[in-house]
Amino acid sequence: MRSRFAAATATLAVAGAGLLGLAAPASADSLGLICPSRAEYIDGSGGHKGARISCTGGSFFLAIRCEKLDSSHYQYWHYGNWASSGGTSTVWCDLNAKIIKTETRTS
């Protein structure tokens, strides 16, 4: 009887820990993602500006905030591909825009 109770308690504890893990905010620090301190900026064809980053420790993607170079200075986000541990996420701004911010994200 005690062994059944202990097994049931252990099962609930493991299940509860899994649910807590899902409820926690998904930031690079909380999930143990290891990335360089800054994304690498890259130039593409026709003058496109982009960035890429490689990380380990989980799945991730790179997000960049772009700003149009025209008089509107319109700002928007673009999102790179999902990459698994050891992979690279790459993302590009539209033509005639620059990168003003990068963020590595897990969700």
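Owing to the predicted nature of the structure, the values given are computational and were not obtained by experimental measurement.

Draft legend 1. A look at the overall build of the chain. Within the chain one finds 1 helix and 6 strands. Going through the 107 residues of the chain one by one, you find that 23% of them count as buried. Long-range pairs, those at least 24 residues apart, make up 61% of the contacts in the chain with a sequence separation of at least 6.

Draft legend 2. Main features of the pattern of salt bridges. Going through the model one piece at a time under the given rule, you end up with 4 salt bridges. A salt bridge links Glu-40 to Arg-52; its shortest N-O distance comes to 3.0 Å. Here the residue Glu-40 occupies a position in strand β1 (residues 40-43), and Arg-52 occupies one in strand β2 (residues 49-54), the gap between them amounting to 12 residues. By relative accessible area, Arg-52 is classed as partly exposed at 34%. Each member of the salt-bridge network shares a partner with another, and the members are Lys-101, Glu-103 and Arg-105.

Draft legend 3. Spotlight on unusual backbone geometry. Look at His-73: it is not a glycine, yet its phi comes out positive at around 50 degrees. Along the chain, His-73 falls in the loop between β3 (61-68) and β4 (75-79). The backbone of Asn-96 shows a phi angle near 65 degrees, a positive value even though the residue is not glycine. As for its position among the elements, Asn-96 is in the loop between β5 (88-92) and β6 (97-105).

Draft legend 4. Just the environment of Asn-96, in detail. Separated by 50 residues in the primary sequence, Asn-96 and Gly-46 have C-alpha atoms spaced 9.2 Å apart. Look past the residues within four positions of Asn-96 in its chain and what remains in contact with it is Glu-67, Lys-68 and Leu-69.

Draft legend 5. Local environment of the sheet that holds β4. Judged by pairing direction, the sheet is antiparallel, and its 3 strands sit side by side in the order β4-β3-β6 without closing on themselves. Strands at the two margins of the open sheet, each flanked by one partner only, are β4 and β6. In this sheet, adjacent strand axes meet at a mean angle of 25 degrees when their direction is disregarded. Where β3 meets β6, 8 bridges bridge the pair, whose relative direction is antiparallel. Residue pairing in the sheet places Cys-66 in a bridge with Ile-99 of β6.

Draft legend 6. Geometry of the pairing of β3. Within β3, 6 of the 8 residues are buried, leaving the element largely enclosed by the surrounding structure. Two strands pair when backbone bridges link them, and β3 and β4 are joined in this way by 5 bridges, in the antiparallel orientation. Across the sheet, the residue bridging to Arg-65 is Trp-77, located in β4. Here β3 hands over to β4 after 6 residues, with His-73 in that stretch at a positive phi of 50 degrees.

Reading the values: the criteria
Residues numbered from 1 in each chain as written. Predicted model: local features only at pLDDT ≥ 70, side-chain atom pairs only at ≥ 80, totals over all residues. Heavy atoms only, no water. Helix = DSSP H or I, 4+ residues; strand = E, 2+ residues; numbered from the N terminus. Buried < 20%, exposed > 50% of the residue type's maximum accessible area, 1.4 Å probe, protein only. Contact = heavy atoms within 4.5 Å. Salt bridge = Lys/Arg side-chain N within 4 Å of Asp/Glu carboxyl O. Pairing = 2+ DSSP bridges. Axes fitted to C-alpha atoms, helices over the stretch in contact; angles between N-to-C directions.

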